[in-house]
Amino acid sequence: MPQTTVTLSTHGQGLYEFTDQAAHFVRAKAEGGEGLLTVFVRHTSCSLLIQENADPDVKTDLNGFFSRLVPPSSDPSMRWIVHTMEGPDDMPAHIKAALTQVSIGIPVTNGRLALGTWQGLYLFEHRDRPHRREIVLHLSA
């Protein structure tokens, strides 16, 4: 069963699309068949999303929503947070990752990802500073 790792460099909070890298891997390894692509991110302060990739306002609104839902630990509403050693964005990043997912399964049909027309695959970075994030792609046939 083929497997590879995609490394993405982030430059702060936001959504980073990697649909093309996943689709290329599947086309090269699925040989026109059926299967399941498992996508797994190897970090605790970012997550994965399948989301619309046609209108960039969707990314803006998602970022805004999660920023309001889980503000930095320096925000007065977050005084209850204990884990603050790695900065005011760290524990909120863990919370955001817990509310989303670190693994996604995507069907493969005729050697291609079975994503909808407007769907893209994203790393959702929850930290402020740049990171190198590893995403494992595993194809089961």
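Residues numbered from 1 in each chain as written. Predicted model: local features only at pLDDT ≥ 70, side-chain atom pairs only at ≥ 80, totals over all residues. Heavy atoms only, no water.

A. Spotlight on the packing of aromatic side chains. Considering all chains together, one arrives at 2 aromatic pairs under this definition. Between the aromatic rings of Phe-66 and Phe-124, the centroid separation amounts to 5.2 Å while the plane-to-plane angle is 90°, which identifies the pairing as edge-to-face. Placement of Phe-66 in helix H2 (residues 57–69) and of Phe-124 in strand E7 (residues 119–125) is noted, with a sequence separation of 58 residues between them. Ring pairs connect the aromatic residues Phe-65, Phe-66 and Phe-124, which therefore count as one cluster. (Phe/Tyr/Trp six-rings, centres within 6.5 Å; stacked < 30°, edge-to-face > 60°. Helix = DSSP H or I, 4+ residues; strand = E, 2+ residues; numbered from the N terminus.)

B. Seen up close, a nonpolar patch on the surface. The grouping of Phe-65, Leu-69 and Leu-99 at the surface amounts to a nonpolar patch, some 300 Å² of accessible area in total. Of note, Leu-69 is situated in helix H2. (Patch = residues over 30% accessible without salt bridge, like charges linked within 9 Å, V, L, I, M, F, W, Y side chains within 5 Å. Areas by Shrake-Rupley, 256 points an atom, 1.4 Å probe, with all protein chains shown as cover. Salt bridge = Lys/Arg side-chain N within 4 Å of Asp/Glu carboxyl O.)

C. Examining the sheet that holds strand E4 (residues 46–52) more closely. Strand order across the open sheet formed by 3 strands is E2-E7-E4, with antiparallel pairing between neighbours. The sheet terminates laterally at strand E2 (14–17) and E4, the two strands that pair on one side only. On average, each strand axis in the sheet is tilted by 35° relative to the strand beside it, whichever way the strands run. Here E2 pairs with E7 via 4 bridges, running antiparallel. In the strand pairing of E7, Gly-14 is matched with Glu-125. (Pairing = 2+ DSSP bridges. Axes fitted to C-alpha atoms, helices over the stretch in contact; angles between N-to-C directions.)

D. Region of interest: helix H1 (residues 19–29). When we look at burial in H1, the residues that qualify are Thr-19, Ala-22, Ala-23, Phe-25 and Val-26. When H1 is viewed along its axis, its buried side chains cluster within an angular range of 160° and face the same direction. Exposed residues lying more than 90 degrees from the buried face of H1 are Asp-20, His-24 and Ala-28. Remark: Glu-31 follows H1 within two positions and exhibits a positive phi of approximately 50°. (Buried < 20%, exposed > 50% of the residue type's maximum accessible area, 1.4 Å probe, protein only. Arc of directions from axis to C-beta.)

E. Layout of the sheet that holds strand E6 (residues 112–113). The strand order across the open sheet formed by 5 strands is E1-E8-E3-E5-E6, and the pairing between neighbours is antiparallel. Every interior strand has two partners, whereas the edge strands, strand E1 (3–10) and E6, have only one. In the sheet, strand E3 (residues 35–41) pairs with strand E8 (residues 131–140) via 6 bridges, with the strands oriented antiparallel. When the sheet's bridge partners are listed, Phe-40 is paired in E8 with Val-136.

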